[in-house]
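# Tertiary structure, described
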Amino acid sequence: MNQKERSAEAVSGIVDVFRCPLCNSPMKVFALKSLICSNSHTFDFSKQGYVNMMNRPSNGHYDKKLFEARRRIIMESNLYTLLHEKVSEMLKKHLDGSYEPTVLLDAGCGEGSHLQKTLDECKNDAITGIGLDISKEGIMMAAKNYKSPIWLVGDLANIPLSDQSCHVVLNCLSPANYEEFKRIMALNGLIVKVVPRSNYLKELREILFTDKNKKTYNNDEIVSLFKQHFHLEENVKLSYVKELNQTELINLVQMSPLAWNSKKEQIESFMNQDSVGITVDLDILVGVTKHMN
Ligand SMILES: C[S@@+](CC[C@H](N)C(=O)[O-])C[C@H]1O[C@@H](n2cnc3c(N)ncnc32)[C@H](O)[C@@H]1O
Ligand SMILES: [Zn+2]
């Protein structure tokens, strides 16, 4: 069985989770080749195993180089290892065996390393991971590197999954669409949203931003919007400093859209340092769907 067929088989095992992004009807897997809805809208499994469920061309704003740098920082530099440990701890604590099997969607998964690492950390075969991103480049890379999750090119604003089909939504450093998240979340489903706090990657921000105003950032509005949609069970503040060497600093710069608008000399002086302690400062918002009374 090749990767395309393996993915098609994994999807057919939970096919009720999928819905057509064009007409919202249920889907079936056909001949281990395509996902087809009851109105015959057809989405093929690619050679690498992902499915492109966009109805228009999509590439997002991130290129291959940026995603490759993110993969290296996440998988090789372990800058986010404590985050993956904490997220998996939160999943264990809040799910507490309530859903098995569990469907976990990483909404805006990029090149997929956070999802893969989180699943590795959970060590729970009952969890099926689905990674969704609008960037075909990101999803293609995810599918090439990580074989067990299901990878979809799709839009957060029109998630190709059925109502109440997901037990966990993970939304890590990515945009959100809370109406869609609430639609796809199972009753008492869990949302884990990772958002930067004011000191997140501050060493990089300080060097990249010349405008003083831009240096300060807080996530108050994001947290307050989250609370309007979900009951906030827990807000875990995760702050630490990790030393990165020169090669890792180059990856750090390349993985960040912050570098797009910055001066070349500043970037180069940052990358020329032997090593720098880099601050990771995040909020992990853990929420559940609010009940209507
Ligand atoms: C900062 S990146 C984070 C990616 C990944 N979670 C990580 O931390 O490495 C934001 C991601 O959101 C994706 N994104 C932006 N708008 C989206 C949309 N409407 N639907 C799906 N993904 C989207 C981008 O393509 C990008 O991969
Ligand atoms: Zn359809």
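Every chain is numbered on its own, with residues counted from 1 as its sequence reads. In the order they appear in the text, chains get letters beginning with A and ligands get numbers beginning with 1. Where totals are concerned, whole chains, interfaces and linings use all residues; where local detail is concerned, this predicted model gives features only for residues with pLDDT of at least 70, and gives and counts side-chain atom pairs only at 80 or more. Hydrogens and water are ignored here; the side-chain numbers use all heavy atoms of the structure.

Per an unreviewed UniProt entry, the recorded name for the chain is Methyltransferase domain-containing protein, and the organism is Siminovitchia fortis.

### Focus on the layout of surface pockets
To locate leftover empty space, one rolls a probe as large as a water molecule over the atoms. In this model, the largest pocket occupies a volume close to 970 Å³. What lines the largest pocket is a set of 41 residues, among which Tyr62, Arg70, Leu173, Ser174 and Pro175 lie closest to the centre. Only DSSP runs of H or I with at least four residues qualify as helices, and only runs of E with at least two residues qualify as strands; both kinds are numbered from the N terminus onward. Mapped by element, the contributors of at least two residues to the lining of the largest pocket are α2 (64-75), α4 (113-122), β6 (127-133), β9 (185-196) and α9 (220-229). In terms of residue count, β9 provides more of the lining of the largest pocket than any other element does, four residues in total. In this classification, Asp, Glu, Lys and Arg are treated as charged, Ala, Val, Leu, Ile, Met, Phe, Trp, Tyr, Cys and Pro as nonpolar, and every other residue, Gly included, as polar. For the lining of the largest pocket, the per-class residue count stands at 23 nonpolar, eleven polar and seven charged. Every definition here rests on a 1 Å grid over the protein atoms only: cavities are sets of points where a 1.4 Å probe fits but cannot get out, pockets are open sets enclosed by protein on both sides within 12 Å along at least five of seven lines, and lining residues have some atom within 4 Å of a point. Grid points are joined across faces, edges and corners, and a volume is the space filled by probe spheres set on the points.

### What to know about α9
Only protein chains enter the calculation, and the probe is 1.4 Å; a residue is then buried if its accessible area is under 20% of its type maximum, exposed if over 50%, and partly exposed in between. Here α9 has its buried residues at Val223, Phe226 and His229. The buried side chains of α9 occupy one side of the element, clustering within an arc of 125° when seen end-on. Structural note: α9 exposes Asp220, Glu221 and Gln228 on the side pointing more than 90 degrees away from its buried face. What the arc measures is the spread of directions leading from the helix axis to the C-beta atoms.

### A few points about the packing of helix α3 (residues 81-95) against α4
Packing of α3 against α4 brings their axes to within 9 Å, and their N-to-C directions diverge by 55°. It follows that α3 is oblique to α4 by the angle criterion. Considering only the axes of α3 and α4, their crossing is right-handed. Contact residues: Thr81, Leu83, His84, Glu85, Val87, Ser88, Leu91 and Lys92 in α3; His114, Lys117, Thr118, Glu121 and Cys122 in α4. Residue composition of the contact of α3 with α4, by class: four nonpolar, five polar and four charged. Lines are fitted to the C-alpha atoms to define the axes, a helix being fitted only along its stretch in contact, and any angle between axes, read from their N-to-C directions, falls within 0 to 180 degrees. The labels follow the angle: roughly parallel below 35 degrees, roughly antiparallel above 145, roughly perpendicular from 65 to 115, and oblique for the rest. Each crossing gets its hand from how the near helix is turned against the far one by less than a right angle, where anticlockwise is left-handed and clockwise is right-handed. The criterion used for residue contact is that any of the two residues' heavy atoms lie within 4.5 Å.

### Looking at the site of ligand 1
Around ligand 1, the structure places 17 residues, and the nearest of them are Arg70, Gly108, Asp133, Asp155 and Cys172. Surface burial for ligand 1 is 87%, taken as the share of its 590 Å² of free accessible area covered by protein chains. For the shell around ligand 1, a count of residues per class yields eight nonpolar, six polar and three charged. One heavy atom suffices: a residue is near a molecule or strand as soon as one of its heavy atoms comes within 4 Å of it. We get accessible surface area from the Shrake-Rupley algorithm with a probe of 1.4 Å; when it comes to residues, only the shown protein chains can shield them.

### Some details on helix α5 (residues 136-145)
Those residues of α5 lying buried are Gly138, Ile139, Met140, Met141, Ala142 and Ala143. On its buried face, α5 is in contact with α2, β6 and β7 (150-153).

### Some details on the coordination of the zinc ion (ligand 2)
Taken together, the protein ligands of the zinc ion (ligand 2) are Cys20 (SG), Cys23 (SG), Cys37 (SG) and His41 (ND1), with distances of 2.1 to 2.3 Å. Note that water is not among the atoms considered, so a metal site may appear incomplete; the donors listed are N, O and S atoms within 2.8 Å of the metal, with 3.2 Å applied to Na, K and Ca. Counting along the primary sequence, the residues that act as donors to the zinc ion (ligand 2) give the motif C-x2-C-x13-C-x3-H. Placement of Cys23 in the loop between α1 (3-13) and β1 (27-30) and of His41 in the loop between β2 (34-37) and β3 (42-44) is noted, with a sequence separation of 18 residues between them.

### Re the UniProt feature "domain: 23S rRNA (guanine(745)-N(1))-methyltransferase N-terminal" (unreviewed entry) in the chain
With numbering matched to this structure, UniProt assigns "domain: 23S rRNA (guanine(745)-N(1))-methyltransferase N-terminal" (unreviewed entry) to residues 18-54. Along residues 18-54, the helical share is 0% and the strand share 35%, with 14 Å between the first and last C-alpha atoms. UniProt positions are given in the numbering used here, feature names are shortened, and annotations may be inferred rather than shown by experiment.

### Quick word on the sheet that holds β6
The pairing of strands in a sheet happens through backbone hydrogen bonds and is either parallel or antiparallel. Strand pairing is assigned whenever DSSP identifies at least 2 bridges connecting the two strands. If you trace the eight strands from one edge of the open sheet to the other, you get β4-β7-β6-β5-β8-β9-β11-β10, paired in mixed fashion. Of all the strands in the sheet, the pair left with one neighbour each is β4 (51-52) and β10 (230-245). On top of the sheet, α4 reaches β5 (102-107), β6, β7 and β8 (166-172); it is set at about 170° to β6, its chief contact.

### A few points about the nonpolar core
In this structure, Leu79, Leu83, Leu91, Trp151, Leu252 and Ile278 are the most contacted members of the largest nonpolar core, which totals 56 residues. Of the residues forming this core, the biggest block, seven residues, is contributed by strand β11 (residues 275-289). Ranked by size, the runner-up nonpolar core spans 36 residues in total, among them Val15, Leu35, Val169 and Phe226. Here, nonpolar core means buried Ala, Val, Leu, Ile, Met, Phe, Trp, Tyr and Cys residues that are tied together by side-chain atoms lying within 4.5 Å of each other.

### Remarks on the environment of Ala259
With respect to the helices and strands, the residue Ala259 is situated in the loop between α10 (246-254) and α11 (264-271). Taking the relative accessible area as the measure of exposure, Ala259 reaches 12% and is therefore buried. C-alpha of Ala259 to C-alpha of Phe209: the two residues are 50 residues apart in sequence and 9.0 Å apart in space. Non-local contacts of Ala259, meaning those with residues more than four positions away in its chain, are made with Leu208, Val253 and Ile267.

### With respect to the packing of aromatic side chains
When the centres of two rings from Phe, Tyr and Trp lie within 6.5 Å, Trp using its six-membered ring, the rings pair. Their planes under 30 degrees apart give stacked, over 60 give edge-to-face, and anything left gives tilted. Tallied over the entire structure, the rule returns five aromatic pairs. Arranged with centres 6.1 Å apart and planes meeting at 85°, the rings of Tyr178 and Phe226 form a pair that is edge-to-face. In this pair, Tyr178 is assigned in helix α6 (residues 178-184) and Phe226 in helix α9, connecting sequence segments 48 residues apart. Here the aromatic cluster, defined as three or more aromatic residues joined through ring pairs, consists of Tyr178, Phe181, Phe226 and Phe230.

### Topic: the packing of α2 against α5
In a pair of packed helices, the angle between the axes and the distance between the axes together describe the arrangement. At a minimum axis distance of 9 Å, the contact between α2 and α5 shows a crossing angle of 40°. One element, α2, and the other, α5, form an angle in the oblique class. The chirality of how α2 crosses α5 is right-handed. Taken together, the residues of α5 that come into contact with α2 (itself represented by Lys64, Phe67, Glu68 and Arg71) are Glu137, Gly138, Met141 and Asn145. Each residue belonging to the contact of α2 with α5 can be placed in one class, and the counts come to two nonpolar, two polar and four charged.

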